[in-house]
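Summary of structural features
One-letter residues, chain by chain:
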Amino acid sequence: INAAISLRYYFPYYLLAEVGYGASYNWTSAEASLGAASTTVSNDNLMMEVPLLIGGYYPVTDRLLVYGAVGPSFFFFCKSYWDAEDGSLSDLEADGGVGVHFAAGADFFAAEHFAVGLEARYRLMESDVLKDLENGVTITSALLGGSGGSQTYTMDFSGINVALNLRFFVL
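Summarised in this report is the structure supplied together with it.

Thresholds, definitions, all that
Residues numbered from 1 in each chain as written. Predicted model: local features only at pLDDT ≥ 70, side-chain atom pairs only at ≥ 80, totals over all residues. Heavy atoms only, no water. Helix = DSSP H or I, 4+ residues; strand = E, 2+ residues; numbered from the N terminus. Buried < 20%, exposed > 50% of the residue type's maximum accessible area, 1.4 Å probe, protein only. Contact = heavy atoms within 4.5 Å. Salt bridge = Lys/Arg side-chain N within 4 Å of Asp/Glu carboxyl O. Core = buried A, V, L, I, M, F, W, Y, C linked by side-chain atoms within 4.5 Å. 1 Å grid on protein atoms, 1.4 Å probe; cavity = no way out; pocket = protein on both sides within 12 Å on 5 of 7 lines; lining within 4 Å. Points joined across faces, edges and corners; volume = space filled by probe spheres on them.

1. A look at the overall build of the protein chain
The helix and strand tally for the protein chain stands at 0 helices and 11 strands. In the protein chain, the succession of helices and strands from N to C terminus is β-β-β-β-β-β-β-β-β-β-β. For the protein chain, the proportion of its 171 residues judged to be buried stands at 33%. Considering only intrachain contacts with a sequence separation of at least 6, the fraction spanning at least 24 residues in the protein chain is 64%.

This is the structure we're talking about:
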């Protein structure tokens, strides 16, 4: 699930640029072995992002426009909230970073300054966990059950979403 607000400019010669600000939320559930017992573990992940996209567009008709764009997405405020049945897992925080963001879609202009669109976006974003929020300690491989320094927990916000957009145009 995500929500975003963005500014998009359509340049002459079929070029577009977009900058936005959004929040992305996902959840997962899995069976995990904690010692001799197995439990159901679910977690909710939350991330904020600022995508900077550049691409192209093509007016198919006077009222229908198709477009595609790609660019970096700066993500931050990466949190993972865990809900294990036995309460054995802490909430986690990950470092921000830069991912890749792709967008493709079509807009139908219902009026001169209003369009309804269908859009698909793909994000490629992941970050290693840095901090245990409940205990205030930095994550090490020992906390994750490993004996060496190579084991990490990765928070992954990669994936595809399809959205119905409402666009309001000033010019």
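Resuming the write-up.
2. A few points about the pattern of salt bridges
Scanning the model with the defined rule gives 9 salt bridges in all. Where Glu 18 meets Arg 8, a salt bridge forms, and the shortest distance between an N and an O atom there is 2.5 Å. Of this pair, Glu 18 sits in strand 2 (residues 15-34) while Arg 8 is found in strand 1 (residues 2-11), placing the two residues 10 residues apart along the sequence. With respect to class, Glu 18 is no different from Arg 8; both count as buried. Note that Arg 8 and Glu 119 form a salt bridge whose closest N and O atoms lie 3.5 Å from each other. Remark: Glu 119 occurs in strand 7 (residues 114-124) and Arg 8 occurs in strand 1; sequence separation between them is 111 residues. Of the two residues, Arg 8 and Glu 119, both sit in the buried class.

3. Observations concerning the nonpolar core
Grouped together as the largest cluster of nonpolar side chains are 11 residues: Tyr 10, Leu 16, Leu 53, Tyr 57, Leu 65, Tyr 67, Ala 69, Ala 103, Phe 109, Ala 115 and Phe 169. Of the residues forming this core, the biggest block, 3 residues, is contributed by strand 4 (residues 64-84). Among residues more than four places away in sequence, those in contact with Ala 103 are Leu 53, Tyr 67, Gly 68, Ala 69, Glu 119, Ala 120 and Arg 121. Counting 7 residues, the second-largest nonpolar core is a separate cluster that includes Cys 78, Ala 94, Met 125 and Met 155.

4. Focus on the layout of surface pockets
Considered as a void within the structure, the largest pocket measures approximately 770 Å³ in volume. Looking at the largest pocket, it is lined by 32 residues, and the ones nearest its centre are Ser 6, Leu 7, Arg 8, Glu 18 and Arg 167. Per-element tally for the lining of the largest pocket: the top contributor is strand 1, with 9 residues.

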